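Coordinate inspection notes
The lines below spell out each chain.
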Amino acid sequence: MKIQNDSIVYPVPDKSLLARVEKSFEVKFPIDFINFLLNTNGAIPITKFFKGQFNTYVIDRFLCLVDNPRDHRSGMYDIKVVLTQLDERIVSDEDATGAELIPFAALFAGDFVCLDYRESKTNPSVCIWYNEDSGDFEPAIKKVAENVSDFINMLEE
């Protein structure tokens with residue numbers, strides 16, 4: 001996978017930040033996602049196209065994890081910030097605790113690529129969350145890959 005020079009958001013997340021976010025979201029990040037963050041935190045990809053069943057999708061940028069989003073120039077792209085903005089539209093069960101879908105890449109037109117933890121809190125699949133089709137407690141999603149590694153392998157220039 002290729003990314004634009006100097007587009008990674010520094011500092012990349014450390015073990016402490018990852019542990020706090022996992023605890024807050026009540027999930028366990030898979031190692032391929034942790035490695036992805038360490039190598040591409042908030043980067044703008046060159047290898048940014050992937051094909052769905054009927055469409056080709058374009059990644060605008062990957063999201064990042066930063067310690068203090070309010071104090072960081074790229075804080076608006078922080079995963080925690082984006083998740084908060086999407087609020088009830090990215091959750092299917094209003095009584096659930098923790099995160100069900102965790103966005104990690106912004107697509108053209110306000111959609112997001114997400115980790116999907118609805119079936120497993122330790123082994124998420126990857127899906128697209130559709131902004132315009134989602135309502136409160138009714139996220140519109142479509143699975144695109146079994147895991148982050150498979151998703152990365154789908155990306156093309």
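Each remark here, short or long, concerns the structure printed above.
Residues numbered from 1 in each chain as written. Predicted model: local features only at pLDDT ≥ 70, side-chain atom pairs only at ≥ 80, totals over all residues. Heavy atoms only, no water.

The next point concerns the overall build of the chain. If you tally the helices and strands in the chain, you get four helices and six strands. The order of α-helices and β-strands along the chain, N terminus first, is α-α-β-β-α-β-β-β-β-α. The C-alpha atoms of the chain give 14 Å as radius of gyration, which agrees with the globular expectation for 157 residues (15 Å, within 12%). For the chain, the spread of C-alpha atoms along the principal axes amounts to about 40 × 40 × 25 Å. Here the chain holds 157 residues, and 46% of them are scored as buried. When contacts within the chain are restricted to residue pairs at least 6 apart in sequence, long-range pairs at least 24 apart make up 53% of them. Within the structure as shown, the chain displays about 8,500 Å² of accessible surface, and the carbon and sulfur contribution to it stands at 47%. Placing the 16 positive and 26 negative side-chain charges of the chain at their respective mean positions leaves the two points 6 Å apart. (Helix = DSSP H or I, 4+ residues; strand = E, 2+ residues; numbered from the N terminus. Rg over C-alpha atoms; globule rule 2.2 N^0.38 Å. Buried < 20%, exposed > 50% of the residue type's maximum accessible area, 1.4 Å probe, protein only. Contact = heavy atoms within 4.5 Å. Areas by Shrake-Rupley, 256 points an atom, 1.4 Å probe, with all protein chains shown as cover. Lys, Arg positive; Asp, Glu negative; His and termini not counted. Charge placed at Lys NZ, Arg CZ, Asp CG, Glu CD.)

Spatially, β1-β2-β3-β4-β5-β6 is the arrangement adopted by the six strands of the open sheet, whose pairing is antiparallel. Only two strands of the sheet have a single partner each, and these edge strands are β1 (49-51) and β6 (138-145). Along the sheet, successive strands turn relative to each other by an average axial angle of 45°, direction set aside. Of the pairings in the sheet, the one linking strand β4 (residues 112-116) to strand β5 (residues 125-135) comprises five bridges and is antiparallel in character. Bridging from a neighbouring strand, Val-113 pairs with Ile-128 of β5. (Pairing = 2+ DSSP bridges. Axes fitted to C-alpha atoms, helices over the stretch in contact; angles between N-to-C directions.)

Turning our eyes to something else, we now look at the packing of aromatic side chains. According to the stated counting rule, one finds nine aromatic pairs in the structure shown. With 5.1 Å between their ring centres and 55° between their planes, Phe-29 and Phe-33 make a pair best called tilted. For the pair Phe-29 and Phe-33, a shared accessibility class is recorded, and that class is buried. Here a set of aromatic residues connected by ring pairs shows up, and it is made of Phe-29, Phe-33, Phe-36, Phe-50, Tyr-57, Phe-62, Phe-104 and Phe-151. The positively charged end of Arg-61 is found above the aromatic ring belonging to Tyr-77, 3.9 Å away from the centroid. (Phe/Tyr/Trp six-rings, centres within 6.5 Å; stacked < 30°, edge-to-face > 60°. Lys NZ or Arg CZ within 6 Å of the ring centre and 35° of its normal.)

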